[in-house]
Amino acid sequence: MAKKRGRGMASVNYPTGMNLGGDPSQALVHATTTGSFIVTLSSVDLGQGLKTVMAQICAETLGVSTDNVIIDTADTDTGPHCMGTFASRGTHRIGNAIIMAAKEAKSVMLEVAAEELEVDSGDLETDGKGNIQVKGSPQKSISVLNTALAAHFKHGKMISGRGIFLQPRSYPEPETGKMTPATCYAHACTVAEVEVDTETGEVTVLALKSAYEVGRALNPRMVEQQIIGGAWMGLSHALYETTEPYYPDRSHGPVDFNQYLMPGPGDLPRFENVIIERPAPDGPFGAKGVGEMTANSPIPAIANAIFDAVGVRVDSLPITPEKVLRGIQALNG
Amino acid sequence: MTKVAVQFTLNGQEQSEFIEGGSTLLAALRGKLGLYSTKAGCHQGTCGACTVIIDGEPRLSCLTLAERCTGKEVTTLEGLTSNGALHPLQQAFMEGFAAQCGFCTPGMILAAKTLLDRNPSPSRDDVIDAISGNICRCTGYEPIISAVLTAAEQLRGKKKNA
Amino acid sequence: MEYRKEYFSDARREDLTEVGVTRQRSDVLGHVTGKTQYYADRTFPGLLHLKMVRSPHHHARIKSIDISKALKVPGVVRILSAKDVPQNIYTILCLIQVEPNDEPVLAFDKVRYKGEQIAAVLAESEQAALAGVAKVKVAYEELPAVFDVEEALKPGAPLVNEYHGRNWFTYEGHHCRRVRFGNVEEGFAEADHVIEEMYQSSPIEHAPTETTGCIVVPDQNERYACYSNTQALYFTLDNSALILNSPFHKLRLIGGTVGGGFGGKVDVITEPIAFLSAMLTRRPVKYEYTREEEMQVSSPRAAERIYIKDGVTKDGRILARKVRLYVDAGAYSRHSPYGTTKAAAHMPGPYTIPHVWVDCHCVYTNRTPSSAMRGFGVTIGDFALEVQMDKLARLVGMDPMEFRILNAYRDGDMKAHRKEVQGAALVECVKAAADLAHWPIGERYKAMSSEKREA
């Protein structure tokens, strides 16, 4: 009877967006009379925080504060088409659509400000704090609020914009599989440290240490939410979850959370993470999708760590204590 | 189905209702009383999303008969803010990025509150024990544990300064 | 969480103010005060509850459906079966030309998995609806069922899905999605070691804290608004309209706030029948999955069986990789034909291997149809690939980290699906993880980078 420790690693990549493309999203941006901005979408927030990061992307493009941007989603009567939230596509596809729309809105905004200030719109810049000023002469400025009022009531101009992002669909060649699955990929490498109880087969994951390459972390703490939540789900897949414990036999399928097991707060490893950014040329400010990848590298890392600890290979998921124990017993002859 | 009269205190207010006999507290809160913060995750008592506080204890409202609440004090998440000020748990969850989809959050916060109400200096293990009946599928629990410990610290600080 | 900013530093602009910084989530105040509104956080007077009659058998012919006793249950308002569905075809990828149509909205002649939808009971209360479901009498003739993917592919196996006429999805005349790059037999011949291993997963459920569901409400103008937790509003709208034979503009999808998705809410499973119910009764209708339904009836992540045969040199270079992968699609296609292609596109992993051969099969069996889940087409493949890489590293006596770095793809390398690698960063991730975990790697490997292959 002993507790044996081991460590294992795994490295992976993950494509951004729907496989083979063909998944468009659209966005509409408009300024209110008083210079707040509304982004109208039909996109869905699953909890990953899409509504927040989209506001940030719009704000960065417009040159205003994120607090000044409201995301209006989702209603098919008002929101333009969005393919949906899946395939780690949200930030990339919807973000790019918003950038396009915000750029159009910004150009009108600067045109109006230019007329008000009697300068050329090319001489203007936003200060990120609600003002539009002449480059090099910041004292010559007009607030975004006043610009919006002027646009609405004096100039009869719409500070608004439309955007769409579509990765054209690729079709695989049937014989060779030549295809374009995606235009950018995120990367990850996880080291798992485990302790295996040789008497019960139970595996405790002591630590998950990972490096993630995400293109650009647009909201670092929200990226961290995906990393930790994803790592937990990966651990859960590796050691706990199945709807068919005797697959391919369908008996004893769980119907509640007493039977469908997932790790609880008492089963957490230590999480240590680092971020690397290699911007995607076609990502919004270089961002790639990360929501799915974060659950993937922990699974084989844990499997490899178990081998390192007790010399047992379990090549099927989930790696239950029963399977580990049988492996240990087989090794001992 | 006969109706039954139930009189209880809900979030500090006296509540008198006629509810369907045999209906759950969860159904009464969401249906009759229009309070939607208490969530229905499983109706089986295994996920904790329906957690409310009854007489200081965390209880699964999907397994609690509404009529058994007569004379009791029931608290839902709506009852946590006093005069618009957030409870330190709510503040800590926000600042600690301890919610993603938010569906487990009401039950989670209430379960944590019952811990802090009886134990102002919980250890990490105490927190884990208190929230072990609440499933979260998004966060991986770590930020939730941190938020509860942060809130405990805040509350101890407030008490000291009071 | 630390940044390793020294990697790719020349590729980043550092003048951003709104992105690249942590900002408080716009929804979290609603979450912690309980004000965030999910689809079910609404009441509608006259709401009807929908409960579904489901097949208890894995595979059976339907001889008859008798709803007469069920209609007499107090509170039961209406019961819908296949004949009530205007276009009883539920092939959700028909919009992107995935054919043939192979799934009904409500079963009529056959059921192909335990839990398949047969009749929808609409009632004034959940209890009445459940009582109605219990009183619907369906007569079945049980059929032999097949549960194993390789068994299902053998001649003589019970035919699961007549629409395909065979137990696999056909990819442009092929029985699987193929990738052929180089010549694997040459690679195996040249290799010093050849190993073949098998990996297996079982279905995995999304288990969001909020179950799948929707409420459809008729409005005053002959339009129908559906409050749903779908992950894709327009996808849901378009598929529903096709099923209902309805002009698209009559339907409205409202949503955007979901209590966990993970790919489990892209199946458009509750909305079409809820729309139909609202149209036929002119009342609001709620169709919410119970937790039992969410666990065993809603689509899971597909079980996969993966055979990987690799040829490796004694100095650790992988020369050839041959992958046979079987996706257990369950009884119907749903998103599996797409996911199986994605699995093929993902092979052989982020490594440069001169000879690659991949066959990915989308196989039908008599179980709950599988569908998209976080990491669709990739998660299980990564499990198989990375355990295999560990085995290979140990076989040639190399450190697992160094083995990855050696074989990792670099910018400009050619992938098996004939696209040039761009934006690679695997080497840097491995190095950074090794550093973080105090896992020593040799100087030769520390000097390597994704941007060019060393001599």
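Structure: see above.
Summary of the structure given here. Owing to the predicted nature of the structure, the values given are computational and were not obtained by experimental measurement.

So, on to the overall build of chain B. A tally of helices and strands in chain B yields five helices and five strands. Overall, chain B shows an N-to-C arrangement of helices and strands of β-β-α-β-β-β-α-α-α-α. In summary, chain B has a C-alpha radius of gyration of 16 Å against a globular reference of 15 Å for 162 residues, a match within 12%. Over its C-alpha atoms, taken along the principal directions, chain B stretches across nearly 50 × 35 × 25 Å. Each of the 162 residues in chain B was classed as buried or not, and the buried ones make up 53%. Considering only intrachain contacts with a sequence separation of at least 6, the fraction spanning at least 24 residues in chain B is 58%.

Helix and strand counts for chain A come out as six helices and eleven strands. Against the compact-globule benchmark of 20 Å for 333 residues, chain A has a radius of gyration of 25 Å, which places it well outside the compact range. Summarising its shape, the C-alpha atoms of chain A cover approximately 90 × 45 × 40 Å along the three principal directions. Residue burial in chain A is summarised as follows: out of 333 residues, 61% are buried. In chain A, once contacts between residues fewer than 6 apart in sequence are set aside, the share between residues at least 24 apart is 77%.

Our next topic: unusual backbone geometry. Phi is mostly negative for residues that are not glycine, and the peptide bonds are mostly trans. Here Thr73(A) and Ala74(A) are connected by a cis peptide whose omega angle stands at 5°. Its location among the elements puts Ala74(A) in the loop between strand S4 (69–72) and helix H2 (90–117). Here the residue pair Met347(C) and Pro348(C) is connected by a cis peptide bond, since its omega of 0° sits within 30 degrees of zero. One can find Pro348(C) in the loop between helix H9 (336–346) and strand S16 (355–364).

What follows covers the interface of chain A and chain B. Opposite the 18 residues of chain A that make contact, chain B presents 19 residues. In terms of residues, the side of chain A that touches chain B owes the most to one element, helix H4 (residues 220–239) of chain A, which gives six residues. Class assignment for the residues of the side of chain A that touches chain B results in eight nonpolar, eight polar and two charged.

Residue and element names in this part refer to chain C. What the three strands build is an open sheet, ordered S5-S3-S7; its pairing is antiparallel. One side of each edge strand has no neighbouring strand; the edge strands of this open sheet are strand S5 (110–111) and strand S7 (137–142). Relative to S7, strand S3 (residues 60–66) is paired through six bridges, and the arrangement is antiparallel. Across the sheet, residue Ala60 finds its bridge partner in S7, namely Glu142.

Now for the interface of chain A and chain C. The interface is formed by 103 residues belonging to chain A together with 100 residues belonging to chain C. Contributions of two or more residues to the side of chain A that touches chain C are made by strand S1 (3–15), helix H1 (50–62), strand S9 (185–197), strand S10 (203–213), H4, strand S11 (270–276) and helix H5 (298–310) of chain A. Classifying every residue of the side of chain A that touches chain C by side-chain character gives 47 nonpolar, 34 polar and 22 charged. Examined bridge by bridge, S11(A) and strand S1 (residues 2–3) of chain C share two bridges and lie parallel to one another.

It is worth spelling out the sheet that holds strand S2 (residues 13–20) of chain B at this point. Residues and elements named next belong to chain B. Strand order in the open sheet formed by five strands is S2-S1-S5-S3-S4, with mixed pairing between adjacent strands. Only two strands of the sheet have a single partner each, and these edge strands are S2 and strand S4 (57–60). Adjacent strand axes in the sheet meet at a mean angle of 45° when their direction is disregarded. Summarising the sheet, strand S3 (residues 51–54) and strand S5 (residues 73–75) pair through two bridges and their orientation is antiparallel. Note on S5: the bridge partner recorded for Ile54 is Val74.

All names here are of chain C. With respect to burial, helix H7 (residues 271–281) is a largely interior element, eight of its eleven residues being buried. Turning to H7, its buried residues are Glu271, Pro272, Ile273, Ala274, Phe275, Leu276, Ser277 and Ala278. Directly beyond the C-terminal end of H7, a positive phi value near 60° is found at Arg282.

Residues and elements named next belong to chain B. Interaxial distance between helix H2 (residues 88–95) and helix H3 (residues 105–118) falls to 10 Å at its minimum, and their mutual angle equals 130°. Looking at the two axes, H2 sits oblique to H3. The two elements H2 and H3 meet at a crossing, and its hand is right-handed. Counted together, Leu89, Gln90 and Phe93 of H2 and Thr105, Ile109, Ala112 and Lys113 of H3 form the full contact between these two elements. Broken down by class, the residue content of the contact of H2 with H3 amounts to four nonpolar, two polar and one charged.

Reading the values: rules and limits
- Residues numbered from 1 in each chain as written.
- Chains lettered and ligands numbered in written order.
- Predicted model: local features only at pLDDT ≥ 70, side-chain atom pairs only at ≥ 80, totals over all residues.
- Helix = DSSP H or I, 4+ residues; strand = E, 2+ residues; numbered from the N terminus.
- Rg over C-alpha atoms; globule rule 2.2 N^0.38 Å.
- Buried ≥ 20, exposed ≤ 12 C-beta atoms within 10 Å, placed from the backbone.
- Contact = placed C-beta atoms within 7 Å.
- Nonpolar A, V, L, I, M, F, W, Y, C, P; charged D, E, K, R; others polar.
- Pairing = 2+ DSSP bridges.
- Axes fitted to C-alpha atoms, helices over the stretch in contact; angles between N-to-C directions.
- Parallel < 35°, antiparallel > 145°, perpendicular 65-115°, else oblique.
- Left-handed = near helix turned anticlockwise from the far one by under 90°.

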